[in-house]
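Residues per chain are reported as follows:
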Amino acid sequence: MENTSIFKKVVFTAEKESFILRALIEKVCSNRVDGQFVPFTVNDLNAVKDAATLFVLYLDDGIKQKEDTLHFLIDMVSQNDYKILLVGEEAEIDYTTKQMNADLIYKKFVRPVNNDEFITAIKAFFDKSNSGEFQKSIMIVDDDPQYLSLVRQWLKDSYRVFMANSGLQAIKYLGKNKVDLILLDHEMPVTSGPQVLEMLRSDPETRTIPVFFLTGKSDKESVMAVVSLRPEGYFLKDIKKEELLEKLKEFFIMHSA
């Protein structure tokens with residue numbers, strides 16, 4: 001049975017709705033996906049910013065002349081964890097690709113578009129969205145099982161969450177798997193947070209993973225000791241759910257530009 005838990009809507013945007021583009025949208029709609037065209041302007045894109053999670057940018061020469069609109073689309077997609085599918089000539093696709101973070105681009109199609117391959121890609125997008133594949137992944141490392149469970153509960157609707165109850169367990173997992181960010185307990189027995197960070201930074205495979213320390217100590221001396229280790233940041237363990245989610249969202253937005 002087809003999974004329908006995600007509303008399947010795609011926004012197509014271009015300088016104008018050409019005959020070829022209209023035919024492509026009709027093909028998408030005939031496959032039980034709602035395809036909508038909007039002109040490539042800031043106002044029109046802003047009006048549909050909550051309408052879909054996939055934006056098809058149909059490139060033509062006019063797009064290069066509207067950098068403000070392109071930057072608006074990029075910011076909107078970045079801030080909302082949407083994706084962009086590019087359609088155009090190779091030169092147009094190369095130019096546009098250089099304007100944005102690669103993580104924002106779902107697929108690229110060089111004209112003329114193979115309709116069957118395009119439809120397959122659209123359907124695959126919603127399958128992946130439904131499985132959470134496009135969500136950022138966060139690993140929580142803490143020896144307190146109750147705190148682990150609490151933070152996982154906070155994050156699970158927005159991120160793919162992985163847990164480790166010791167530094168060594170985290171290192172072992174990260175030897176075979178990738179994550180986008182680590183929340184690392186500063187005060188752990190056996191292998192402390194600083195020791196884990198040192199091991200992560202010494203391995204080429206993990207040295208670039210952003211690490212935020214979790215600490216229960218808020219006095220100036222303790223905070224300075226945490227900051228001196230040069231993590232991306234730190235969170236006090238008494239942080240509230242809404243604040244943690246907001247700060248994580250801000251971090252990912254800043255680092256997707």
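Residues numbered from 1 in each chain as written. Predicted model: local features only at pLDDT ≥ 70, side-chain atom pairs only at ≥ 80, totals over all residues. Heavy atoms only, no water.

**Here we look at the pairing of strand β6 (residues 137-141)**
Step number 1: When you tally the buried positions in β6, you get 5 out of 5 residues, the bulk of the element.
Step number 2: Residues S137, M139 and V141 of β6 are buried on one face, and the alternating residues I138 and I140, pointing to the opposite face, are buried as well.
Step number 3: By the bridge criterion, 5 bridges tie β6 to strand β7 (residues 160-164) in an arrangement that is parallel. In the strand pairing of β7, I138 is matched with V161.
Step number 4: In terms of strand pairing, β6 meets strand β8 (residues 181-185) through 4 bridges, oriented parallel. Note that in β8 the partner of I138 across the bridge is L181. (Buried < 20%, exposed > 50% of the residue type's maximum accessible area, 1.4 Å probe, protein only. Helix = DSSP H or I, 4+ residues; strand = E, 2+ residues; numbered from the N terminus. Pairing = 2+ DSSP bridges.)

**Examining the packing of aromatic side chains**
Step number 1: One pass over the structure, following the stated rule, counts 10 aromatic pairs.
Step number 2: Between F212 and F235, the aromatic rings sit 5.0 Å apart at their centres with planes inclined by 10°, giving stacked as the arrangement. Taken as a pair, F212 in strand β9 (residues 211-215) and F235 in strand β10 (residues 233-236) lie far apart in primary sequence, 23 residues in all.
Step number 3: Relative accessible area serves as the criterion here: at 5%, F235 is assigned to the buried category. (Phe/Tyr/Trp six-rings, centres within 6.5 Å; stacked < 30°, edge-to-face > 60°.)

**So, helix α1 (residues 19-29)**
Step number 1: Considered for burial, the residues of α1 that qualify are L21, L24, I25 and V28. What you see down the axis of α1 is that its buried residues fit within an arc of 100°, all on one side. Opposite the packed face of α1, turned more than 90 degrees from it, sit the exposed residues F19 and E26.
Step number 2: Each element contacted by the buried residues of α1 is listed here: β1 (9-14), β2 (34-39), β3 (54-58) and α6 (115-131). (Arc of directions from axis to C-beta. Contact = heavy atoms within 4.5 Å.)

**Points about the sheet that holds β2**
Step number 1: The strand order β2-β1-β3-β4-β5 describes an open sheet built from 5 strands, whose pairing is parallel. Looking at strand neighbours, the two that pair on one side only are β2 and β5 (105-110), the edges of this open sheet. Pairwise comparison of adjacent strand axes, ignoring direction, gives a mean angle of 20° for this sheet.
Step number 2: When strand β4 (residues 83-88) meets β5, the two strands line up parallel, connected through 5 bridges. Looking across to β5, one finds that V87 is bridged to F109. (Axes fitted to C-alpha atoms, helices over the stretch in contact; angles between N-to-C directions.)

**Points about the confidence of the model for the protein**
Step number 1: When pLDDT is averaged across the protein, the result is 88; 93% of the residues are at 70 or more.
Step number 2: Of all secondary-structure elements in the protein, the lowest mean pLDDT belongs to helix α10 (residues 220-227), at 68, while β3 reaches the highest, 96.
Step number 3: In the model, residues 1-6 has pLDDT below 50 throughout and makes 8 contacts with residues more than four positions away in sequence or in other chains. (pLDDT = per-residue confidence, 0-100.)

**Remarks on the domain arrangement of the protein**
Step number 1: Along its sequence, the protein is organised into domain 1 (9-131) and domain 2 (137-255).
Step number 2: In this structure, domain 1 and domain 2 have C-alpha centres spaced 35 Å apart. (Domains from an automatic or database assignment.)

**Describing the nonpolar core**
Step number 1: Grouped together as the largest cluster of nonpolar side chains are 22 residues, with contacts concentrated most on F55, L57 and L73.
Step number 2: Those elements that provide at least two residues to this core are β3, α4 (67-79) and β4.
Step number 3: Counting residues in hydrophobic clusters, the runner-up holds 21 residues, among them V28, V33, I119 and F125. (Core = buried A, V, L, I, M, F, W, Y, C linked by side-chain atoms within 4.5 Å.)

**Notes on the packing of helix α7 (residues 145-155) against helix α11 (residues 241-254)**
The relative placement of two packed helices comes down to the angle between their axes together with the axis-to-axis distance.
Step number 1: In the contact formed by α7 and α11, the axes pass within 10 Å of each other and the chain directions differ by 60°. Taken together, α7 and α11 sit at an angle that is classed as oblique. Considering the relative orientation of α7 and α11, their crossing is right-handed. Of the residues in α11, those in contact with V151, W154 and L155 of α7 are K241, L244, L245 and L248.
Step number 2: For the contact of α7 with α11, the residue count by class is 6 nonpolar, no polar and 1 charged. (Parallel < 35°, antiparallel > 145°, perpendicular 65-115°, else oblique. Left-handed = near helix turned anticlockwise from the far one by under 90°. Nonpolar A, V, L, I, M, F, W, Y, C, P; charged D, E, K, R; others polar.)

**Brief notes about the UniProt feature "modified residue: 4-aspartylphosphate" (unreviewed entry) in the protein**
Step number 1: Those residues carrying the UniProt feature "modified residue: 4-aspartylphosphate" (unreviewed entry) are D185 in this numbering.
Step number 2: Residue placement: D185 occurs in strand β8.
Step number 3: If we ignore the near neighbours within four places in the chain, the residues touching D185 are V141, D142, D143, G193, F213, L214 and K237. (UniProt positions renumbered as here; feature names shortened; annotations may be inferred.)

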